[in-house]
Amino acid sequence: MQEKYDVLIAGCGVSGLYSALQFDENVKILIVSKRKDTLSNSSLAQGGVACVLDFENDNFDLHYKDTFIAGGNKNNPETVDILVHEGPDDVRNIIKMGVEFDTDENGKIMKTLEGGHSRRRIVHHKDQTGYEIVIKLLAKVKSKPNITFAENTLITNIVKVNSGFRADLICENDEPKSVFASYCILATGGIGRVYRYTTNSAIATGDGIRIAYELGARIKNLSYVQFHPTAFNSPEGREQFLISEAVRGEGAYLLNCNKERFMQRYDDRLELAPRDVVSRAIILESRRTGSNNFYLDITYKDKDFLYDRFPAISERCKQEGVDIAKDLIPIFPCQHYLMGGIDVDKNSRTTVPRLYAVGECSHTGVHGNNRLASNSLLEALVFSRRATDDIKLCMEKGFAEVETADFTPDYSGAPLPHGMRTEIRSIMQRAYFVIPDQGAVHNGLKRVEAILKRLRNGHFAITRDYCECLSLATIAFIILREVDEG
Ligand SMILES: Cc1cc2nc3c(=O)[nH]c(=O)nc-3n(C[C@H](O)[C@H](O)[C@H](O)COP(=O)(O)OP(=O)(O)OC[C@H]3O[C@@H](n4cnc5c(N)ncnc54)[C@H](O)[C@@H]3O)c2cc1C
C-alpha cells in the first residue's frame, strides 16, 4: 500500500511551516526536511521582518516605494502591492501563534532601520528573528494530528502522475521510498551553496528549483543573485557569518583598509544604501586601494546597548577574537540571497498544474533585481499563505485525488567522483561574484554543461550527495546561461 497525502510540502523553513499551518485539520499533509528541522536559511535570519504595523511615521506607499527603489524598478507591481498590504496581518498572525518580537518598556513592538528603508519598520527578536519564528511554528506544526513530519528525509525527484505527483525519497534511515500527493508545495529555500562563500545554511543547494526545472516549470531570473556586503571576513569557512544590516541601521560606519569611510565616493545614502550598491562599492574600493580589508565600526555606541541588541553577533564575533564594542569588525561581501527562482503567479502557482513554490526558491517578482532587507521573511509568510488559500479553493471545488501505483525507487549505481561540487563552486565564485566576468562566465558555462551531462548520463548511485551535486550543477548552468545570453 503506497503512502498517499493531500499535500506534500518540501521544506520546513518559515515558508513551508507557515503554509502547513494554514490548512484545516482534515487535510492530510506530509512535510519533509532534508536535514535537522532547524537547519535552514530561515533559522539564520537575524535582522527581522519588514512591515508597516502602524501609521505613526510610516505607510504602505513608503514601503512599496522603498521595495521598488532597492529592486531597480524591476519588481512586479501587483505582488509588491500584495506584499506590503497583506504582510502586516501575517505578522500579527504569527504573533498570535506565539512568536515574540522585541518590545519597549511600554510593551510596544520596537522597530529598527536597515539599508534601503526610509523608515524604522523592521520588527525583530534580538538578532535571532528567524530562529524565533521557526521554533514557534515548528512546535505548532508538530502538535497537529493531520501533519506528518519527516526529518532527515531528502526528496530526490518528483514526477507527475495522474492527478498529482510521486515524490521519491531517501528517508532518515537512508531507505528509498516513494509517496504520492495530490498537490505539492516546494519550499526548499535558496542556492547559496553553489558559491564558495555564502551566508546560507548547508541545505541551500537549490534542490527544489532543479526538481521544478526537470518537471518543466518556468524558472525566472536565476541570475538575480544578491551579495551581502558585510559577512564576517574569515576565508577558511564556507558558511560565512553575517553581520546584519541592522548593525549599519544602528549607526555602524564602513571603513576601507586605511580605516577611512568611503561610501561618499559611491552613493549619497552612504552606509544605508541598498545591498547591491554597497557590495559593488566595496569591490570598486578594493580595486582602488588594492586591498580586500574592510571593516564595520560601531565602537562609539554604548557597550551594553550593543551586547543586548546584538547578542548572537557579538558572541560569534567574540569567538573570532573581535569585541564589537572595542574592535573593528572585518567584513567582505558574499553570496546571500536569490531573487529569481521558480516562476509563480500571485497565488504561488507554478506553470505546472498543482505544483506551487513559496519562499526563497520561488520567483514572485516582489524583489526585482535586488531584495530590500527583511522583505524575504515577509514574502515567505504572505505567499505561502496564498498558496494554501489557493489549494483550499481548488479542494472546495472538488478535486481528483492522486492515483497511486506500486513503485520503489532504484538507487543503485556507481559512486559519485570527488571534486565536482568544489569545481562548480570555484567556477561560480570566479565568474559571477558581485561584478560578473564575462569571459569566465562563458568558459564556466561550457565546463558546467559538461559536468551536468556527466551527472545525468553517468549511471551514478542516487545518494544525498549525488542529488545535491546535480542541483548545484543545474543551478550553475541556468545562471551562467542567463548571464552569457545577456
Ligand atoms: C544569514 C541570513 C540572514 C538573513 N536575514 C534575514 C532577515 O533578517 N530578514 C529576512 O526577511 N530575511 C533574511 N534572510 C533570508 C531569509 O532567511 C530566507 O530567504 C528565508 O528564510 C527562506 O525561507 P524558506 O522557507 O524559503 O527556506 P529555508 O528556510 O531555507 O528552508 C528550506 C527547507 O527546505 C528543505 N529542503 C531543501 N531541499 C530539500 C530536499 N531536496 N528534500 C527535502 N527537503 C529539502 C530544507 O531542509 C529546509 O527545511 C537571511 C538569510 C540568511 C542566510
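Quick notes on the rules
Residues numbered from 1 in each chain as written. Predicted model: local features only at pLDDT ≥ 70, side-chain atom pairs only at ≥ 80, totals over all residues. Heavy atoms only, no water. Salt bridge = Lys/Arg side-chain N within 4 Å of Asp/Glu carboxyl O. Helix = DSSP H or I, 4+ residues; strand = E, 2+ residues; numbered from the N terminus. Buried < 20%, exposed > 50% of the residue type's maximum accessible area, 1.4 Å probe, protein only. Phe/Tyr/Trp six-rings, centres within 6.5 Å; stacked < 30°, edge-to-face > 60°. Domains from an automatic or database assignment. Contact = heavy atoms within 4.5 Å. Near = heavy atom within 4 Å. Polar contact = N/O pair within 3.5 Å; in protein donor to acceptor, adjacent residues only side chain to side chain. Areas by Shrake-Rupley, 256 points an atom, 1.4 Å probe, with all protein chains shown as cover. Nonpolar A, V, L, I, M, F, W, Y, C, P; charged D, E, K, R; others polar.

Student: Just checking my understanding: could you explain the pattern of salt bridges for this structure?
Tutor: A side chain with one charge may pair with a side chain of the opposite charge, provided their charged atoms come close. Following the criterion strictly, the structure yields 40 salt bridges and no others. The partner of Lys-392 in a salt bridge is Asp-389, with the nearest N and O atoms 4.0 Å apart. Placement of both Lys-392 and Asp-389 in helix H11 (residues 376-396) is noted, with a separation of three residues, approximately one turn of the helix. In this structure Lys-392 comes out as partly exposed when scored by relative accessible area, which is 22%. Taken together, the salt bridges that share partners define one network made up of Glu-86, Asp-90, Arg-385, Arg-386, Asp-389 and Lys-392.

Student: I tried to follow the packing of aromatic side chains on my own but got confused; where do I start?
Tutor: The description of two aromatic rings rests on the distance between their centres and on the angle between their planes. Taken as a whole and judged by the stated rule, the model has ten aromatic pairs. Here Tyr-183 and Phe-399 contribute two aromatic rings whose centre-to-centre distance is 5.7 Å and whose plane-to-plane angle is 50°, an arrangement assigned as tilted. Remark: Phe-399 occurs in the loop between H11 and helix H12 (420-431) and Tyr-183 occurs in strand S9 (residues 176-186); sequence separation between them is 216 residues. Given a relative accessible area of 3%, Tyr-183 falls into the buried group.

Student: Can you help me understand the domain arrangement of the protein chain in this one?
Tutor: Interface size, as often reported, equals the accessible area lost upon joining of the parts. Domain annotation of the protein chain identifies domain 1 (3-224 + 339-396), domain 2 (233-333) and domain 3 (420-484). Centre-to-centre, using C-alpha coordinates, domain 1 lies 28 Å away from domain 2. Taken together, the 27 residues of domain 1 in the interface contact 25 residues of domain 2. Counting the contacts that link domain 1 with domain 2 gives two salt bridges. In this structure, Glu-250 and Arg-120 form a salt bridge, with 3.4 Å as the shortest nitrogen-oxygen distance.

Student: How do you make sense of the site of the ligand when you look at a structure like this?
Tutor: As a structural note, the neighbourhood of the ligand is formed by 37 residues, with Ser-15, Ser-42, Gly-48, Glu-360 and Ser-376 the closest of them. At 3.4 Å, a backbone N or O of Gln-46 approaches a nitrogen atom of the ligand. The separation between an oxygen atom of the ligand and a polar side-chain atom of Glu-360 is 2.7 Å. Its free accessible area being 1,000 Å², the ligand has 98% of it covered by the protein chains. At the level of elements, helix H1 (14-22), helix H2 (41-44), strand S7 (154-161), strand S14 (329-338) and H11 are the ones that each hand at least two residues to the shell around the ligand. For the shell around the ligand, the element with the highest residue contribution is H2, accounting for three residues. Its residues placed into classes, the shell around the ligand shows twelve nonpolar, 20 polar and five charged.

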